[in-house]
Amino acid sequence: MKKIMLVGRTGAGKTTFCQALYGQELCYQKTQAVEVIHGAIDTPGEYLENRRLYRALIVISAEADLMVLLQDCTDEQCWFAPEFAGMFGKPAVGLVTKTDLAANEQAVREAEEKLILAGCERIFHISSIERTGIDEVRDYIGLTLGRSL
């Protein structure tokens, strides 16, 4: 089982993804500080949005086996610099989130391209609301429900 760390801008769906990943009821809550949810490290969006907090992301990532970058496909803006994932020195995957809300397939492709440019080795398309793509991510990280990371 891989211990994951989630990085994405505010509202990208990090906490909601964690809830879906662990089969919990979806309940929106703004992450105010770094939280560990069943072993997954959930970071506030502000850590990505403020470059001076990148050092905190790097320090926190020492506890993770796998970086998970999230890009909301309804958000045209991208906060990931090219090869952003490289600063962690760990494998990174990307999640294109909110695919159920995508205006069209092009929006999903553009979000995927942003994650590839950020250095993600593999991309998953997910909808936490519809729970699509969640099982693929679960399989990839070796998570069996009922056991924490």
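Notes on the structure in this doc start here.

Here is what the cut-offs are and how they apply
- Residues numbered from 1 in each chain as written.
- Predicted model: local features only at pLDDT ≥ 70, side-chain atom pairs only at ≥ 80, totals over all residues.
- Heavy atoms only, no water.
- Buried < 20%, exposed > 50% of the residue type's maximum accessible area, 1.4 Å probe, protein only.
- Helix = DSSP H or I, 4+ residues; strand = E, 2+ residues; numbered from the N terminus.
- Pairing = 2+ DSSP bridges.
- Axes fitted to C-alpha atoms, helices over the stretch in contact; angles between N-to-C directions.
- Parallel < 35°, antiparallel > 145°, perpendicular 65-115°, else oblique.
- Contact = heavy atoms within 4.5 Å.
- Phe/Tyr/Trp six-rings, centres within 6.5 Å; stacked < 30°, edge-to-face > 60°.
- Lys NZ or Arg CZ within 6 Å of the ring centre and 35° of its normal.

Another aspect to go through is the pairing of strand β1 (residues 4–7). It is a general feature of regular strands that their side chains alternate between the two faces of the sheet. Of the two faces of β1, the one carrying Ile4 and Leu6 and the one carrying Met5 and Val7 are both buried. Relative to strand β3 (residues 40–42), β1 runs parallel, the two being bridged by 2 bridges. Bridge pairing links Leu6 to Asp42 in β3.

We note that Glu83 has phi near 60°; this positive angle belongs to a residue other than glycine. Along the chain, Glu83 turns up in the loop between β4 (66–72) and β5 (92–97). In this structure, Lys98 is a non-glycine residue whose phi angle is positive, near 60°. Checked against the element boundaries, Lys98 lands in the loop between β5 and α4 (105–117).

What follows is about the packing of helix α1 (residues 14–21) against helix α5 (residues 134–141). Interhelical geometry of α1 versus α5 gives an angle of 80° and a closest axis separation of 10 Å. As far as their axial angle goes, α5 and α1 are roughly perpendicular. Residues Phe17, Ala20 and Leu21 of α1 lie in contact with α5, whose contacting residues are Ile134, Val137, Arg138 and Ile141.

Quick look at the packing of aromatic side chains now. Counting across every chain of the model gives 4 aromatic pairs. Ring centres 5.4 Å apart and planes at 80° place the aromatic pair Tyr54 and Phe84 in the edge-to-face group. Taken together, the positions of Tyr54 in helix α3 (residues 54–60) and Phe84 in the loop between β4 and β5 put the pair 30 residues apart, joining distant regions of the chain. Taken as a pair, Tyr54 and Phe84 share a single burial class, namely buried. Ring pairing ties together the aromatic residues Tyr54, Phe80, Phe84 and Phe88, which thus form one cluster. The ring of Tyr140 has Lys2 sitting right over it, with the charged end atom 4.6 Å from the ring centre.

Further remarks concern the sheet that holds β3. The strand order across the open sheet formed by 6 strands is β2-β3-β1-β4-β5-β6, and the pairing between neighbours is mixed. The outermost strands of the open sheet, each flanked by one partner alone, are β2 (35–37) and β6 (122–125). Averaged over all adjacent pairs, the angle separating strand axes in this sheet is 25°, with direction ignored. Its contacts with the sheet put α1 on β1, β2, β3, β4 and β5, and the angle it makes with β1 is roughly 145°. In the packing of α4 onto the sheet, the strands contacted are β4, β5 and β6, and the crossing angle to β5 comes to about 160°.

Turning to the pairing of β4, a few remarks are in order. Of all 7 residues making up β4, 7 are buried, and the element is well covered by its neighbours. Pairing between β1 and β4: 4 bridges, direction parallel. Note that in β4 the partner of Met5 across the bridge is Met67. Across 6 bridges, the pairing between β4 and β5 is parallel. Paired with Leu70 across the strands is Leu95, a residue of β5.

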